[in-house]
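Reading the structure
These are the residues of each chain, in order.
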Amino acid sequence: MLKYMTRAGLKIAITFLAIVTLAFAATRLSGDPINYIAGQGLTQADRDLLVTYYGLDRSILEQYLAFMGSFFDGEFGLSFVERRPVSVVIAERIWPSLQLLLASTALTLALAIPLGIVAAVWRKSWAGSAVMTLAFLFYAVPNFVLAVFMILVFSYWLNWLPVVGNGTWAHFLMPTIAMSGLLIAGLTRFTRNAMLDVLGQDFIRTARAKGLAETEVILRHGLRNASITILSVIGLQVASLAAAGSVVVESIFAWPGIGELLVRSAIQRDYPVLQFGVIAVSIAVLIINAVVDLAYTWADPRIRLGEA
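Keep in mind the model is a prediction, meaning the values are calculated, not measured. (Residues numbered from 1 in each chain as written. Predicted model: local features only at pLDDT ≥ 70, side-chain atom pairs only at ≥ 80, totals over all residues. Heavy atoms only, no water.)

1. Thoughts on the packing of aromatic side chains
Note on aromatic pairs: each is described by the distance of the centres and the angle between the planes. Tallied over the full model, the rule gives 2 aromatic pairs. Considering the side-chain rings of Phe154 and Trp160, the 6.2 Å spacing of their centres and the 35° angle between planes classify their relative orientation as tilted. Ring centres 4.9 Å apart and planes at 80° place the aromatic pair Phe172 and Trp255 in the edge-to-face group. With Phe172 in helix H8 (residues 169-199) and Trp255 in the loop between helix H10 (214-252) and helix H11 (258-268), the pair connects residues that are 83 residues apart, well separated along the chain. Each of the two residues, Phe172 as well as Trp255, counts as buried. Between Arg189 and the ring centre of Tyr139, over which it is positioned, the NZ or CZ distance is 4.7 Å. (Phe/Tyr/Trp six-rings, centres within 6.5 Å; stacked < 30°, edge-to-face > 60°. Helix = DSSP H or I, 4+ residues; strand = E, 2+ residues; numbered from the N terminus. Buried < 20%, exposed > 50% of the residue type's maximum accessible area, 1.4 Å probe, protein only. Lys NZ or Arg CZ within 6 Å of the ring centre and 35° of its normal.)

Put into C-alpha cells, the structure is as follows:
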C-alpha cells in the first residue's frame, strides 16, 4: 500500500509540474494583456507603469519563478482584470462548477448503468433495441448542439426554463442534461458490452444452476464483475467533464463556474487567472484518476495496490 501511494504521489507531482510549466508557457504565447486591459488611449508612460506593476518587464525565467513562488503566498498572483487575488476569484467559482459536475455525474450513473443492463439482458427484445437506438442517436450529438437545441425549445419557444445563472433548481436542468447527454449514451453502450461479456461466462451459468434469483445473478455476479470496465469509462468521463465538458456548457449557459471563467480569462488575456484555472482543473482530473485507481481494488480484490 505504501509503495503504491508513493509511486502514485510521484506520478502526480511530475504530471503537476509539467502542467504548471505548460500553462505558464501557453498563456505567454496568447498576446499582450496590456492591450486588452488599457485600451487604445493609454500613453506610453502609463503603459510602461502597468508593465512594471504586473512584472511583465522581467525575463521569462523571472516571471516563471515568481509564478511558482505565488503558490506559497496563498494568493497565486493578482488578476489583471479584476485586481483581486486569483485565489479569491477561483474560490468563488469552484462550488458552482462542482455542483454541475456532481449533478451531471449523478444523472449519468442513474440512467446509463440501468439502461446498459436492460440493453444487455433484453438484447433480443424491442426494449434492448430501443435503448441502443437512443444511445446511438445521443452519442452522435455534441453537448453544445444539445445545449443550443434545448435553449431554443424550452427557453425561447416554450419559455419554461431559465438560461443564465444558477439561482434555482430550474437553472440546473438544461446544463446538467447538456453535459451528461453524450456521457449517458457512451456509458450505456460500454455497460451493455461489459455485461454481455460477463453474462456469457461459466460462473454465471453455475450461479443460475444453483437456483439463484435472476436479479441476484445479474446484479451481484454480473454487474460486480463488469464493474472494472465500467469504472474505467466512468473515470474517463468524469475527468473529461472536469477538464473540457464544463467549459463549453458553462459558457453557453453563463454558468458562474471555472469553465466560464477560463474562457473569459483567455479572451481577456488575464494570465494569472487563466494559469491557475487550468491548474485547478488539472488537479481535479488528477484526483479523479487517483480515486478511480483506488476504486479498482474495491471492484476486483485480485488487484493489489502493491502490484499496481
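2. A short note on the pattern of salt bridges
Per the counting criterion, the structure on display carries 7 salt bridges. A salt bridge links Glu260 to Arg93, with the shortest nitrogen-to-oxygen separation between them at 2.6 Å. Taken together, the positions of Glu260 in helix H11 and Arg93 in helix H5 (residues 86-121) put the pair 167 residues apart, joining distant regions of the chain. The buried category is assigned to Arg93, whose relative accessible area is 12%. Across the pair Asp202 and Arg205 runs a salt bridge whose closest N-O atoms are separated by 2.1 Å. Residue Asp202 and its partner Arg205 are both found in helix H9 (residues 202-209); the two are separated by 3 residues, about one turn of the helix. Taking relative accessible area as the criterion, Asp202 reaches 53% and is therefore assigned exposed. Connected through salt bridges with shared partners, the residues Glu82, Arg84, Glu92 and Arg264 form a single ionic network. (Salt bridge = Lys/Arg side-chain N within 4 Å of Asp/Glu carboxyl O.)

3. So, the UniProt feature "transmembrane region" (unreviewed entry) in the chain
As recorded in UniProt, the feature "transmembrane region" (unreviewed entry) lies at residues 100-122, 134-157, 169-187, 228-253 and 273-296. The span residues 100-122 is 96% helix and 0% strand, and its two end C-alpha atoms sit 33 Å from each other. (UniProt positions renumbered as here; feature names shortened; annotations may be inferred.)

4. Let's talk about the confidence of the model for the chain
The pLDDT averaged across the chain works out to 80; a share of 86% of its residues lies at or above 70. Per-element confidence in the chain is highest for helix H7 (residues 143-157), whose mean pLDDT is 91, and lowest for helix H2 (residues 33-38), whose mean pLDDT is 66. (pLDDT = per-residue confidence, 0-100.)

5. Side note on the side chain of Ser104
Structurally, Ser104 can be placed in helix H5. Under the relative-accessibility criterion, Ser104 is labelled buried at 0%. A distance of 2.9 Å separates a polar side-chain atom of Ser104 from the backbone oxygen of Leu100. In this view, Ser104 contacts Thr176, Met179, Ser180 and Leu241; residues no more than four positions away in its chain are not counted. (Polar contact = N/O pair within 3.5 Å; in protein donor to acceptor, adjacent residues only side chain to side chain. Contact = heavy atoms within 4.5 Å.)

6. Quick word on the packing of H5 against helix H6 (residues 126-139)
Where H5 contacts H6, the two axes come as close as 7 Å, and the packing angle between them is 135°. Between H5 and H6, the angle is such that the two are oblique. Two packed elements cross with a definite hand, and for H5 against H6 that hand is left-handed. Across the interface between the two elements, Leu115, Val118 and Ala119 from H5 touch Ala127, Gly128, Val131 and Met132 from H6. (Axes fitted to C-alpha atoms, helices over the stretch in contact; angles between N-to-C directions. Parallel < 35°, antiparallel > 145°, perpendicular 65-115°, else oblique. Left-handed = near helix turned anticlockwise from the far one by under 90°.)

7. Some remarks on empty space enclosed by the protein
Tallied over the entire structure, the rule returns 1 cavity of 30 Å³ or more. When contributions to the lining of the largest cavity are tallied by element, the ones reaching two or more residues are H5 and H10. (1 Å grid on protein atoms, 1.4 Å probe; cavity = no way out; pocket = protein on both sides within 12 Å on 5 of 7 lines; lining within 4 Å. Points joined across faces, edges and corners; volume = space filled by probe spheres on them.)

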